[in-house]
Amino acid sequence: MNILMFGPNGSGKGTFGKVLCDKFGIPQVETGVIFRENISKGTPLGKEAKGYIDKGELVPDGITIPMILSRIKEKDCAKGWLLDGFPRNKTQAVAFWDALQKEKIKLDYVVELILDRETAKKRIMGRRLCPKDNNHPNNIYVKANLPVEKDGKLYCRVCGSPGLLTRADDQDEAAIDKRHGIYFDTNKGTLAAVNYFKERVKVIQLDTELGVKEVSENLLKLVK
Ligand code: AMP
């Protein structure tokens, strides 16, 4: 099962992607996570990517495209993959589609999460990361994902860990606006990539204004 997941930052790609990954037993391949892991390990890739990420700019296609093409050939992708955060622009979409055609790899589903820009921005700024597990959702602006508050301190709603973190690029409004500018750009940006796929495969659209439970149920009805 091979899936692409699109949505503006803040729309819940991580959360809803996990729902599908759990269902199909496939890994969630998140370009942002791969870059951040490389940054924290101080690898050459991380050093190169950091400057772009801090400003909310895209890491150059020449680095990102080969990185993903080799990632989906790793052992854990034998049953398929869900890509989150890639393709991020039309150039990546065209290169990726061409690579899939060449290697006769089927793209089973393309999912587009719909959320307006202002709501997405608020959700990003409210995001809090659990120090123990990246996939534990905590958000001070999303009712369903509120962290636990005790004596003025916040704790992970899933495992109770203290010391919830924020990502620097999540608290920088200029960087958020830049990331959303790239996403909502229908000319060369991520929506241009979504439109490129709409001309080739059926794209499933999901309204993410609803709660996590309803959106997850709708998603599971559509992706079988
Ligand atoms: P994310 O975790 O998806 O918000 O990604 C964080 C940052 O990683 C982005 O703002 C970009 O700088 C970089 N990044 C993530 N995915 C891509 C991609 N497909 N192409 C280029 N840069 C990316």
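Look a little higher up for the structure.
Residues numbered from 1 in each chain as written. Predicted model: local features only at pLDDT ≥ 70, side-chain atom pairs only at ≥ 80, totals over all residues. Heavy atoms only, no water.

(A) Seen up close, helix α6 (residues 117–126). The set of residues buried in α6 consists of A120, K121, R123, I124, M125 and G126. Those residues of α6 hidden inside the fold are in contact with β5 (127–129), β6 (137–139) and α7 (173–183). The backbone nitrogen of E118 has a side-chain oxygen 3.1 Å away, supplied by the residue at the start of α6, namely D116. (Buried < 20%, exposed > 50% of the residue type's maximum accessible area, 1.4 Å probe, protein only. Helix = DSSP H or I, 4+ residues; strand = E, 2+ residues; numbered from the N terminus. Contact = heavy atoms within 4.5 Å. Polar contact = N/O pair within 3.5 Å; in protein donor to acceptor, adjacent residues only side chain to side chain.)

(B) Geometry of the side chain of T208. Take T208: it is sitting in the loop between β9 (203–207) and α9 (212–222). Residues contacting T208, with those up to four places away along its chain left out, are S11, F16, L113, I114, L115, R123 and V215.

(C) Inspection of the nonpolar core at higher detail. Membership of the largest hydrophobic core comes to 30 residues, with the highest contact counts inside it found for L4, W81, L83, F96 and F197. For this core, the secondary-structure elements that each account for two or more residues are β1 (2–6), α2 (31–41), α3 (44–55), α4 (61–71), β3 (81–84), α5 (90–102) and α8 (190–198). It is α8 that provides the largest number of residues to this core, a total of five residues. The contact partners of F96, leaving out residues within four places of it in the chain, are L4, I68, L69, I72, W81, L83, F86 and P87. (Core = buried A, V, L, I, M, F, W, Y, C linked by side-chain atoms within 4.5 Å.)

(D) Highlighting the environment of I26. Its place among the elements puts I26 in the loop between α1 (13–24) and β2 (28–30). C-alpha of I26 to C-alpha of N2: the two residues are 24 residues apart in sequence and 8.6 Å apart in space. The residues touching I26, leaving out its near neighbours within four places in the chain, are M1, I3, C21, K79, G80, W81 and L82.

(E) Structural detail: the pattern of salt bridges. Counted by the stated rule, this structure contains 17 salt bridges. Notably, a salt bridge pairs K121 with E173, separated by 2.8 Å at the nearest N-O pair. In this pair, K121 sits in helix α6 while E173 sits in helix α7, placing the two residues 52 residues apart along the sequence. Note on K121: relative accessible area 12%, which makes it buried. Its salt-bridge partner being D170, residue R167 comes within 3.9 Å of it at the nearest N-O pair. Both residues of the pair, R167 and D170, belong to the buried class. One salt-bridge network, held together by shared partners, links R127, R167, D169, D170 and R179. (Salt bridge = Lys/Arg side-chain N within 4 Å of Asp/Glu carboxyl O.)

(F) Expanded view of the site of the ligand. Taken together, 16 residues surround the ligand, and among them N9, T31, E57, G85 and Q92 come closest. Residue R179 places a side-chain N or O atom 3.4 Å away from an oxygen atom belonging to the ligand. Protein contacts shield 97% of the accessible area of the ligand, which totals 480 Å² for the unbound molecule. The leading source of residues in the shell around the ligand is α2, at four residues. Grouping the constituent residues of the shell around the ligand by class yields five nonpolar, six polar and five charged. (Near = heavy atom within 4 Å. Areas by Shrake-Rupley, 256 points an atom, 1.4 Å probe, with all protein chains shown as cover. Nonpolar A, V, L, I, M, F, W, Y, C, P; charged D, E, K, R; others polar.)

(G) The arrangement of the side chain of N38 in detail. Note on placement: N38 falls in helix α2. A polar contact of 2.8 Å, which involves the side chain of N38, links it to the backbone oxygen of I34.

(H) A look at the pairing of β1. By the criterion of burial, β1 is predominantly enclosed, with five of the five residues buried. Neither face of β1 is exposed, since N2, L4 and F6 on one face and I3 and M5 on the opposite face are all buried. Two strands pair when backbone bridges link them, and β1 and β3 are joined in this way by four bridges, in the parallel orientation. In the sheet register, I3 faces β3, and the bridge partner there is L82. Pairing between β1 and strand β4 (residues 109–114): four bridges, direction parallel. The residue of β4 that forms the bridge with M5 is V111. (Pairing = 2+ DSSP bridges.)

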